[in-house]
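For reference, the chains in residue letters:
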Amino acid sequence: MKVLIRKAIIISPSFPNHGKQKDLFIENGFIQKIDDSISSEADQIIDIPNLHISAGWMDCFANFCDPGEEYKETITSGANAAAAGGFTDVMLVPNTTPVVHNKSQVDYLVQKGKTTPVNIHPIGAITNNADGKELSEMYDMHGAGAIAFSDGYRPLQSSGILQKALEYVLAIDGAIIQLPDDTSIGRYGQMNEGIISTQLGLPGKPAIAEELLVSRDIELARYTGSRIHFTGVSTQKSIELIAAAKKKGIKVSCSVTPYHLYFCDEDLQQYDTELKVNPPLRTLRERDHLRKAVADGTVDFIASHHSPQDYDHKVCEFEKAAFGMETLETVFSAAITSGVPIENFVSMQTQNIRKLFNMAIPEIKEGDAAVITLFDPTSEKTYSKIDLQSKCSNNAFIGKRLYGKVFGIINKDRIFLPQS
């Protein structure tokens, strides 16, 4: 297939074409020519006002619910949601039914991903059934295509098991991903513990439940010399601990969610179940500190924490509602509206994340494969359910007026442009 992209502003920090407006000619999935003006015949011409392009974005923490809960999401619908959000690569958490804890389950996801417009990267469970008791066969899963290891939404509570896991992945230069949450603290918490939870009469989950696990896991990473990534970080103290660890040379990194950058616990005053997430939305002060940490580079990138939930799990009493939010289509707009500069966002989602997980970084240059995200960083958009490719619509950004719009992606010699 021949594709001609006209008058695209290239956002490619650290690379020569950054900030330049160019035409691109793509043939059979490879960039053949980049020039000020190209007149080659093409099967499809992409000519969109204020079009910006970058290397394809990557996400590190999404749940496509397949296998086991396909009524919420499938590999196909989840991949379409990712593509609509500008992601060419997505890492999938292992919390499916069954849990992705062996080679055959990794193979299943890899094979399913061959037919999707995005590249699927399985995360293997650290322990069998993600129950935190016995280590899984991580080496076999790595050989089958597991890109990292995590128990996903069931973070490891045992220091001994985590120590063994960190030592195990040293042999394969792997990384452990932890969602920091000491589940013995605030076990029944529904939201952040604070003034708002008291006013609403809801059980709270205190910030220390997160911070204790961050502190412990940093020490284990220091002791083992291995790599650990914290995702869903939500408090100032956690950020400070991670920043201090980085200065000491400990192999630690972190990501934040788009909803922790945009919302705070004050937004829960109407008992909006779409905002019931874990880690919970923190105070306005904590939210603003996360924004500063993104700006100063302490936060390495943004993780979608895409967690689709069906109608029955969200349209109910707050205490009975499931945790999680559908997010992939709105990550970019939420980040830009929260003050993340476009160059920072692109660097985080193209370079930082791939460096961490030992992946080749795509570049927009002649001769390279076309792995491209198409977007407009300045347009305004009010999202509605019709904009979602996911099977679920538990997205709190619906109805919000946001900046930034994604048109779609070019990847695997395919064009996916649902918003053009």
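This structure is a prediction, so every number in the text was calculated from the model and none was measured.

### Some thoughts on the pattern of salt bridges
- For the structure on display, the rule yields 15 salt bridges.
- Across the pair R282 and E210 runs a salt bridge whose closest N-O atoms are separated by 3.7 Å. A residue pair is termed long-range when its members are at least 10 positions apart, and R282 in the loop between helix 8 (258-262) and helix 9 (284-295) and E210 in helix 6 (residues 208-224) qualify at 72 residues.
- Judged by its relative accessible area of 4%, R282 is buried.
- You can call E210 buried: its relative accessible area is 1%.
- With a shortest N-O distance of 2.7 Å, D217 and R216 are connected by a salt bridge.
- Residue classification places D217 among the buried residues on the basis of a relative accessible area of 0%.
- Looking at R216, the relative accessible area reads 18%, which means it is buried.

### Regarding the nonpolar core
- M91, F149, I176, F230 and F357 are the most contacted members of the largest nonpolar core, which totals 82 residues.
- Leave out the neighbours within four places in its chain, and F230 touches Q178, P180, L213, V214, D217, I218, I242, V252, S253, C254 and S255.
- Listed in part, the 19 residues of the second largest apolar core include A8, I31, I48 and L417.

### Some words on the environment of I409
- By the element assignment, I409 lies in strand 17 (residues 401-411).
- I409 gets classed as buried once you look at its relative accessible area, which sits at 1%.
- Taking the C-alpha atoms as reference points, I409 and F375, 34 residues apart in sequence, are found 8.9 Å from one another.

### Things to note about unusual backbone geometry
- Across the junction of T97 and P98, the peptide omega takes the value 5 degrees, indicating a cis bond.
- Tracing the backbone through its elements, the reader meets P98 in the loop between strand 7 (87-92) and helix 2 (103-113).
- Here the bond from N278 into P279 is cis, since omega is 0 degrees, no more than 30 degrees from zero.
- Mapped onto the secondary structure, P279 falls in the loop between helix 8 and helix 9.

### With respect to the state of the cysteines
- Tallied over the full model, the rule gives zero disulfides.
- Counting only cysteine sulfurs, C392 is the nearest neighbor of C65, a cysteine outside any disulfide, at a range of 6.9 Å.

### Digging into the layout of surface pockets
- Here the largest pocket defines a volume of roughly 670 Å³.
- For the largest pocket, the lining is made up of 29 residues, of which Y153, R154, N278, Q309 and F323 are closest to its centre.
- Together, 15 residues line the second largest pocket, and H142, A146, I147, F357 and N358 are the ones closest to its centre.

### A word on the packing of helix 4 (residues 159-170) against helix 6
- For the pair helix 4 and helix 6, the least separation of the axes is 10 Å and the interaxial angle reads 40 degrees. The angle between helix 4 and helix 6 falls in the class oblique. As for how helix 4 packs across helix 6, the hand of that crossing is right-handed. Between helix 4 and helix 6, the residues in contact are S159, L162, Q163, L166, E167 and L170 and R216, D217, L220, A221, Y223 and T224, respectively.
- By residue class, the composition of the contact of helix 4 with helix 6 is six nonpolar, three polar and three charged.

Cut-offs used in this document
- Residues numbered from 1 in each chain as written.
- Predicted model: local features only at pLDDT ≥ 70, side-chain atom pairs only at ≥ 80, totals over all residues.
- Heavy atoms only, no water.
- Salt bridge = Lys/Arg side-chain N within 4 Å of Asp/Glu carboxyl O.
- Helix = DSSP H or I, 4+ residues; strand = E, 2+ residues; numbered from the N terminus.
- Buried < 20%, exposed > 50% of the residue type's maximum accessible area, 1.4 Å probe, protein only.
- Core = buried A, V, L, I, M, F, W, Y, C linked by side-chain atoms within 4.5 Å.
- Contact = heavy atoms within 4.5 Å.
- Disulfide = S-S within 2.5 Å.
- 1 Å grid on protein atoms, 1.4 Å probe; cavity = no way out; pocket = protein on both sides within 12 Å on 5 of 7 lines; lining within 4 Å.
- Points joined across faces, edges and corners; volume = space filled by probe spheres on them.
- Axes fitted to C-alpha atoms, helices over the stretch in contact; angles between N-to-C directions.
- Parallel < 35°, antiparallel > 145°, perpendicular 65-115°, else oblique.
- Left-handed = near helix turned anticlockwise from the far one by under 90°.
- Nonpolar A, V, L, I, M, F, W, Y, C, P; charged D, E, K, R; others polar.

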